[in-house]
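Each chain, letter by letter, is given below.
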Amino acid sequence: MKIWLDGGLQDTESARVSVFDHGLTVGDGIFETVKAVNGRPFALTRHLDRLARSARGLGLPEPDLDEVRRACAAVLEADPVPLGRLRITVTGGHGPLGSDRGEHGPTLVVALGDTARRPDSTAVITVPWTRNERGALTGLKTTSYAENVVALARAREQGASEALFGNTVGRLCEGTGSNVFVVLDGEIHTPPVASGCLAGITRALAVEWTGAAETDLPLDVLQRADEIFLTSTLRDVQAVHRVDARELPGAPGPVTAKAMRIFDEHAAADLDP
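Being a predicted model, the structure only gives us computed values, none of them experimental. Each chain has its residues counted from 1, following the order in which its sequence is written. In view of the model being predicted, local features appear only for residues whose pLDDT reaches at least 70, and side-chain atom pairs are presented and counted only at 80 or more, with totals across whole chains, interfaces and linings using the full set of residues. Side-chain measures were taken over the full set of non-hydrogen atoms in the model, leaving aside hydrogen atoms and water.

A. Fine view of the environment of L58. Strands here mean DSSP runs of E at least two residues long; helices mean DSSP runs of H or I at least four residues long; both are numbered from the N terminus. Within the secondary structure, L58 sits in helix 2 (residues 44-58). Along the backbone, L58 and V34 are 24 residues apart, and their C-alpha atoms lie at a distance of 20 Å. We call two residues in contact when some of their heavy atoms are within 4.5 Å. Excluding anything up to four places from it in sequence, L58 contacts D28, G29, I30, R101, L137, L140 and T142.

B. Summary view of the pattern of salt bridges. We define a salt bridge as a contact between a side-chain nitrogen of Lys or Arg and a carboxyl oxygen of Asp or Glu at a distance within 4 Å. By the definition in use, this model includes 12 salt bridges. Between E62 and R56 there is a salt bridge, with its nearest N and O atoms 3.2 Å apart. Taking relative accessible area as the criterion, E62 reaches 46% and is therefore assigned partly exposed. Beyond isolated ion pairs, a larger network of salt bridges with shared partners links R131, E147 and E174. A 1.4 Å probe rolled over the protein chains alone gives each residue an accessible area, and that area as a share of the maximum for its type sets the label: buried under 20%, exposed over 50%, partly exposed in between.

C. Structural detail: empty space enclosed by the protein. Throughout, the protein atoms alone are placed on a 1 Å grid, and a set of points is a cavity if a 1.4 Å probe fits but cannot get out or a pocket if it is open with protein on both sides within 12 Å along at least five of seven lines; lining residues have an atom within 4 Å of a point. Grid points are joined across faces, edges and corners, and a volume is the space filled by probe spheres set on the points. Under the counting rule described, the total for this entry stands at 1 cavity of 30 Å³ or more. The biggest single contributor to the lining of the largest cavity is helix 5 (residues 201-210), with 3 residues. Residue composition of the lining of the largest cavity, grouped by class: 4 nonpolar, 3 polar and 1 charged. Nonpolar residues are Ala, Val, Leu, Ile, Met, Phe, Trp, Tyr, Cys and Pro. Charged residues are Asp, Glu, Lys and Arg, and all others, Gly as well, are polar.

D. Highlighting the packing of aromatic side chains. Centres within 6.5 Å are what make two rings of Phe, Tyr or Trp a pair, Trp counting through its six-membered ring; a difference in plane orientation under 30 degrees is then read as stacked, over 60 as edge-to-face, and the rest as tilted. Within the structure shown, the criterion is met by 4 aromatic pairs. Between F31 and Y145, the aromatic rings sit 5.2 Å apart at their centres with planes inclined by 80°, giving edge-to-face as the arrangement. Residue F31 is located in strand 3 (residues 29-37), and its partner Y145 is located in the loop between strand 7 (121-131) and helix 4 (146-157); the two are separated by 114 residues in the primary sequence. Aromatic side chains F181 and F229 sit 4.8 Å apart centroid to centroid with 10° between the ring planes, which places their arrangement in the stacked category.

E. Fine view of the packing of helix 2 against helix 3 (residues 65-78). All axes here are fitted lines through C-alpha atoms, helices being fitted over the stretch that makes contact, and every angle between N-to-C directions spans 0 to 180 degrees. Relative orientation of the contacting elements helix 2 and helix 3 amounts to 135°, with a least axis distance of 11 Å. In terms of orientation, helix 2 and helix 3 fall into the oblique class. Considering how the two elements wind past one another, helix 2 and helix 3 form a crossing that is right-handed. Together, L44, T45, L48, L51 and A52 of helix 2 and L65, V68, R69 and C72 of helix 3 make up the contact between the two elements. Its residues assigned to classes, the contact of helix 2 with helix 3 shows 7 nonpolar, 1 polar and 1 charged. Here roughly perpendicular refers to angles of 65 to 115 degrees, roughly parallel to angles under 35, roughly antiparallel to angles over 145, and oblique to all remaining angles. What makes a crossing left-handed is the near helix being turned counterclockwise from the far one by less than a right angle; a clockwise turn instead makes it right-handed.

Structure below.
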């Protein structure tokens, strides 16, 4: 496998980032995960637009998106796996052992790992911790992911693949790495970005392609929704068959199954929608 690091391809054995990199010392960085199908990235333009937005929000220099595209193309050409996770990471670069940034400029890393298609349905849990819809990092895809690591570990302990958060006012927000949709009386709803959730790329496409409504939802909607599904780069649209102790038999239900089919059809027709 080849990795792009600061201007060129390197072997995994030789690619090294400084121990003083701000991404390591204080989590000062942004990233995108892009699905790659047979060596071609999906929705890359949308991902790069969000990467630039996250950089601006974090106060990092805006990435050279042409360079990022070249890096993605080079990494994918070196290892065109059937289904891959393409990870783009930009950090604050070499800096002091504290929150102040250095003056060396950012670090860019692009790496690829192979993956497998997810199951059609999964189990999720809710966690007692909250998303802060008014935080400095709200809506930014940053490398400060420790809260997600803790929540996902709890989900794994309970036989689930995802943990769902409410926000500080008790509204449904998002998962550790996914957006959540519910079906109520045959209609699809998902929390608005104002809830504190990440503006997911797959979320946006699912809203566009299915006509889902962005709705402020109480967290307990998960206990009465007719159907629930998740969206993310590597899940696409994935049904939920259990949330906490509540079973949703027959998942994916008819509305979710239609959403899955619509998403697959549109995605196959256009790799950069």
